[in-house]
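Each chain, letter by letter, is given below.
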Amino acid sequence: MCSVNDAGDIEDLNNTGLLSNFKYKVLAEKCNKCKDEKPCVILRKKDAYCKSCFLTSTVHKFKALLGKHKLIKDGDKVLVYYHGGHSGTALLHFLRTNLDLNSPKKLRFIPVCLFIEKHYFLSREERIDNLRRIFNYMRTFDIPIYFTSLTDYCKNGFSENTLLTKNFEELELDNKEGEFMKDLFEKSESLANDVQTINIRKLLISCAKKLKCKFIFTPELATDIASQLLVNTALGRGSHIPLDTGFCDTRNEHVTILRPLRVFDIKELALYNHFCNLDAIMLQTDLPKSQKSIQNLIENFVIDLQTNFPATVTTVLKTGDKLSMKKNKNENRICYICQSPIEVACQQLTTDEAIKYSHQISTQPELVGGDILKDNFGTVIDTKTCFSCSRIEQFLISTSTEKV
Amino acid sequence: MSECSRKCGSTAVLKRPKTGDKLCKECFFEAFENEIHFTITRAKLFRPGSTVAVAASGGKDSTVLAYVLKELNRKYKYNLKFILLSIDEGITGYRDDSLETVKQNRDDYEMPLKIMSYKDLYGWTMDEIVTEIGRKNNCTFCGVFRRQALDRGAHLLKVDYLATGHNADDIAETVLMNILRGDLARLSRCTSIITDSADGIPRVKPLKYAYEKEIVMYAYFKKLVYFSTECIFSPNAYRGHARVLLKDLEKINPSIIMNIIHSGESIKVNETSKMPTLQNCTRCGYVSSQDICKACILLEGLNTGEPKLGIGKSSKVKKSLENRAKTCCGGTSQCNSLSST
């Protein structure tokens, strides 16, 4: 191949090393697993599988994670939190096919689905249309579905009497109810997202209790878990990492939250749905994404890093799996907002004290007197909130007082 | 124009990233210094009457550290003696210039200065190492060698403490990086204000809760002389990701830096997880998590013409070391020098 460059010289492009810079990946001839069939999927950028081996291993991964923990007994009721998308569809299909098995390996618990309506930013027609689609969709899986509303739950002061119904038409869909949430999001997207996560968790547990479910399945994928771990770190919730990102969340004594999809990435589940001829329902689940919140920023960061360093998500996940919480000799007290144990100070000086001291020294006209070794400079000894929720408390109070 | 939050009547010159309060210049000096005094006293960083080596690079952090320590020592009678300890990596156009700044600090703050050079300690300057290894991975050498050089310097000077200028931003960045790399051992110790290595000299970080922005402001308002050029060799690539993330998070809300440090402090590693144990290097005797410390492996690589030897996963390094031990004199590089003559 030849070309004439600006100076008019003829150059042999083969010798310029341009082509040798390209790395060709030779596709594997045979499936990595059965060494027989022609592969049709590449996972982790290197492992090739044929269709049947891919499907078997995907289902196996799901069942192995459940089996490893041996938490669910035969006949237990499990609340499945469905929020659309490929992950929700794959989870439902895993359940349906394994409940229907005729072998000893069949699943023996009873699933019940829950959809939480929180789409206050859509029009009433769009919201009803979504609910109807989901209602009809569930029939194909033959799993009962209940509906409840997040804004209703918040408006009713987190009451146990929030409507939980099989008939989606009973839900009150008044667009005004979302205004409080909109206010929150306008003031601080990061904290509003955090509040929403906490509220959804509370609502899930409240619904599980009403439906007599001992367990809840939530559909977070590996990327979500890795992002959540970094979000926790950035919000000062480092000590809650095992509860917020581990396989099981045992904060509530009656209901345990499990994350059975935390070992999957979206590609695996989308391919699974594709090979099983399943259509997923795609909902606009959130407000338009912006870089203004910690959560969105970190999610984008993790996805970007994952493309260049494919081990990122698994490394972060494994780091999280090896962490636990510092325990007090006596039981830790529980934060009334997020229900997590409140951190105990293990060193002589904590970040909390350093911040409180900084604030005091920057606001008081006179230098702080007293004993620098003993004074607690505004640190509350019997605090009812964890480090992170103390911000949320102030944030919620300031938002609600502004409204009055 | 806003008024100073301490109601002293002056106009505020800055908004504190840590708390959001606005301060005038004089109140800022007082607040900044008092916070470091608070950190030192509350965390019991120094025993009275001790000698402290201040790791001095000539940059803003170490310059502010040396200045503030001197001021506080006088004001609050810590009864401490200070020595500046600098490392000369041998980077032309960077370290030679910044060492001039350190010499200026020595005269200004009346502290003796000790310079340890890579050339004397290891026989290699960074300039020479970079010609061997190239622009990638050279930070590994510099980082490993500097850590040990500081330890050696501190031993030589027989000091009781080694104070480094790590600020809040550095620590938050390290927490993020260690999570991303899955480095549990470092994750669990990177937030401690005092790190006590087995028999070594404790390292303390008096600026742990001081924001980088405020350190720059302090140095600027106090007109301190410091050196502000980035290292001319490539920046550490992976740390770069953590740095970008932290800077973006800081833009959303500067208090995130303190949140991350708090998270790091409250994280605990499972008792069941395997953690490296500290031992002494079988060759040079310094503290290491492996039989042979990283510095010795890197040096061996350099001396035997295989500079990439110590780069990469420690398990892989171990393997290639074992292979070398089988094939030749056991990695003491004697056979190599014999065969070349």
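Residues numbered from 1 in each chain as written. Chains lettered and ligands numbered in written order. Predicted model: local features only at pLDDT ≥ 70, side-chain atom pairs only at ≥ 80, totals over all residues. Heavy atoms only, no water.

Student: Break down the overall build of chain A for me, with residues and values.
Tutor: For chain A, the count of helices and strands is 13 helices and twelve strands. Across the 404 residues in chain A, those meeting the buried criterion constitute 49%. Contacts in chain A between residues at least 24 apart in sequence constitute 69% of all its contacts with a sequence separation of at least 6. When the accessible surface of chain A is summed, it comes to about 20900 Å², and 53% of that surface belongs to carbon and sulfur atoms. (Helix = DSSP H or I, 4+ residues; strand = E, 2+ residues; numbered from the N terminus. Buried < 20%, exposed > 50% of the residue type's maximum accessible area, 1.4 Å probe, protein only. Contact = heavy atoms within 4.5 Å. Areas by Shrake-Rupley, 256 points an atom, 1.4 Å probe, with all protein chains shown as cover.)

Student: Before we move on, could you go through the pairing of strand β5 (residues 77-81) of chain A and cite the residues and values that matter?
Tutor: Residue and element names in this part refer to chain A. Counting buried positions over the five residues of β5 gives four, a clear majority of the element. Bridge analysis of β5 against strand β6 (residues 110-117) gives five bridges, and the strand direction is parallel. Following the sheet pairing, Val-78 is matched in β6 by Pro-111. As for the winding sense of the linkage, the β-α-β connection from β5 through helix α2 (residues 85-99) to β6 is right-handed. Direction of pairing for β5 relative to strand β9 (residues 215-217): parallel, over a ladder of three bridges. Paired with Val-80 across the two strands is Phe-217, which belongs to β9. (Pairing = 2+ DSSP bridges. Right-handed = clockwise from strand over helix to strand, strands pointing away.)

Student: Describe in detail the UniProt feature "domain: Cytoplasmic tRNA 2-thiolation protein 1 C-terminal" (unreviewed entry) in chain B, supporting the description with residues and values.
Tutor: Sequence positions flagged by UniProt for "domain: Cytoplasmic tRNA 2-thiolation protein 1 C-terminal" (unreviewed entry) are, in local numbering, residues 279-309 of chain B. A helix fraction of 32% and a strand fraction of 13% characterise residues 279-309 of chain B, whose end C-alpha atoms lie 21 Å from each other. (UniProt positions renumbered as here; feature names shortened; annotations may be inferred.)

Student: Let's hear about the domain arrangement of chain B: which residues, and what values?
Tutor: Interface extent is often summarised as the accessible area lost during association of the parts. Residue and element names in this part refer to chain B. By the assigned domains, chain B splits into domain 1 (36-266) and domain 2 (276-311). The distance between the C-alpha centroids of domain 1 and domain 2 comes to 23 Å. Across the boundary between the two partners, domain 1 contributes 16 residues, which contact 14 residues of domain 2. Both sides together, the interface formed by domain 1 and domain 2 hides about 1500 Å², and carbon and sulfur atoms give 75% of it. (Domains from an automatic or database assignment. Buried area = accessible area lost by both parts, 1.4 Å probe.)

Student: Tell me about the confidence of the model for chain A, and please be specific about residues and values.
Tutor: Per-residue confidence for chain A gives a mean pLDDT of 83; residues scoring 70 or more make up 84%. For residues 1-20 of chain A, every residue scores under 50 in pLDDT, and the model assigns this stretch 14 contacts once sequence neighbours within four places are set aside. (pLDDT = per-residue confidence, 0-100.)

Student: Summarise the packing of helix α12 (residues 351-363) of chain A against helix α1 (residues 25-42) of chain B; cite the residues concerned and give the values.
Tutor: Put simply, α12 of chain A and α1 of chain B touch, their axes get as near as 10 Å, and they point 145 degrees apart. Remark: the crossing between α12 of chain A and α1 of chain B carries right-handed chirality. Of the residues in α1 of chain B, those in contact with Glu-353, Ala-354, Tyr-357, Ser-358 and Ile-361 of chain A of α12 of chain A are Glu-30, Ala-31, Asn-34, Glu-35, Phe-38 and Arg-42 of chain B. Within the contact of α12 of chain A with α1 of chain B, the residues separate by chemical class into five nonpolar, two polar and four charged. (Axes fitted to C-alpha atoms, helices over the stretch in contact; angles between N-to-C directions. Left-handed = near helix turned anticlockwise from the far one by under 90°. Nonpolar A, V, L, I, M, F, W, Y, C, P; charged D, E, K, R; others polar.)

Student: Please set out unusual backbone geometry residue by residue, giving values where relevant.
Tutor: Of note in the backbone geometry, Lys-212 of chain A takes a positive phi value of approximately 60 degrees without being a glycine. Considering the arrangement of structural elements, one finds Lys-212 of chain A in the loop between α6 (189-210) and β9. For Lys-223 of chain B, which is not a glycine, the phi torsion comes out positive at approximately 55 degrees. Its place among the elements puts Lys-223 of chain B in the loop between α9 (212-221) and α10 (237-252).

Student: Tell me about the packing of helix α1 (residues 51-69) of chain A against helix α9 (residues 266-275) of chain A, and please be specific about residues and values.
Tutor: Residues and elements named next belong to chain A. Their axes nearest at 11 Å, the elements α1 and α9 cross at an angle of 120 degrees. Taken together, the axes of α1 and α9 are oblique relative to one another. Two packed elements cross with a definite hand, and for α1 against α9 that hand is left-handed. When α1 is examined against α9, the residues Lys-51, Phe-54, Leu-55, Thr-58, Val-59 and Lys-61 are found in contact with a partner set consisting of Glu-268, Leu-269, Leu-271, Tyr-272 and Phe-275. Its residues assigned to classes, the contact of α1 with α9 shows seven nonpolar, one polar and three charged. (Parallel < 35°, antiparallel > 145°, perpendicular 65-115°, else oblique.)

Student: Would you mind going over helix α2 (residues 60-76) of chain B in detail, with residue names and values included?
Tutor: Residues and elements named next belong to chain B. Between its first and last C-alpha, α2 extends 23 Å over 17 residues, near the 24 Å set by a 1.5 Å rise per residue. Of all 17 residues in α2, 13 are buried, a share of seventy percent or more. Lys-77 lies just past α2 and shows a positive phi near 50 degrees. (Expected span 1.5 Å × (residues − 1).)

Student: Which residues make up the UniProt feature "binding site: ATP" (unreviewed entry) in chain B, and what values do they have?
Tutor: All names here are of chain B. This chain's UniProt record puts "binding site: ATP" (unreviewed entry) on Ala-55, Ala-56, Ser-57, Asp-61, Ile-87, Gly-165 and Asp-170. On the secondary structure map, Ala-56 appears in the loop between β3 (51-55) and α2. On the accessibility criterion, Ala-56 (8% relative accessible area) is buried. Position of Gly-165 relative to the elements: it lies in the loop between β6 (161-163) and α7 (168-181). Judged by relative accessible area, Gly-165 falls into the buried class, the value being 14%. When neighbours within four sequence positions are excluded, Gly-165 is seen to be in contact with Asp-61, Leu-65, Asp-170 and Leu-207.

Student: Can you explain the pattern of salt bridges? Please cite residues and give values.
Tutor: All chains considered together, the criterion is met by 38 salt bridges over all chains. One salt bridge in this structure joins Arg-237 of chain A and Asp-194 of chain A, with 3.0 Å as the shortest N-O distance. Of the two residues, Arg-237 of chain A sits in the loop between α7 (222-235) and α8 (241-245) while Asp-194 of chain A sits in helix α6, which places them 43 residues apart along the sequence. Taking relative accessible area as the criterion, Asp-194 of chain A reaches 6% and is therefore assigned buried. With a closest N to O distance of 2.9 Å, Lys-18 of chain B and Glu-35 of chain B form a salt bridge. Here Lys-18 of chain B is found in the loop between β1 (14-15) and β2 (22-23), whereas its partner Glu-35 of chain B is found in helix α1, with 17 residues between them in sequence. Take Lys-18 of chain B and Glu-35 of chain B: they sit in the same class, and that class is buried. Among the charged side chains, a network of salt bridges with common partners joins Lys-60, Asp-61, Asp-169, Glu-212, Lys-213, Lys-247 and Glu-250 of chain B. (Salt bridge = Lys/Arg side-chain N within 4 Å of Asp/Glu carboxyl O.)

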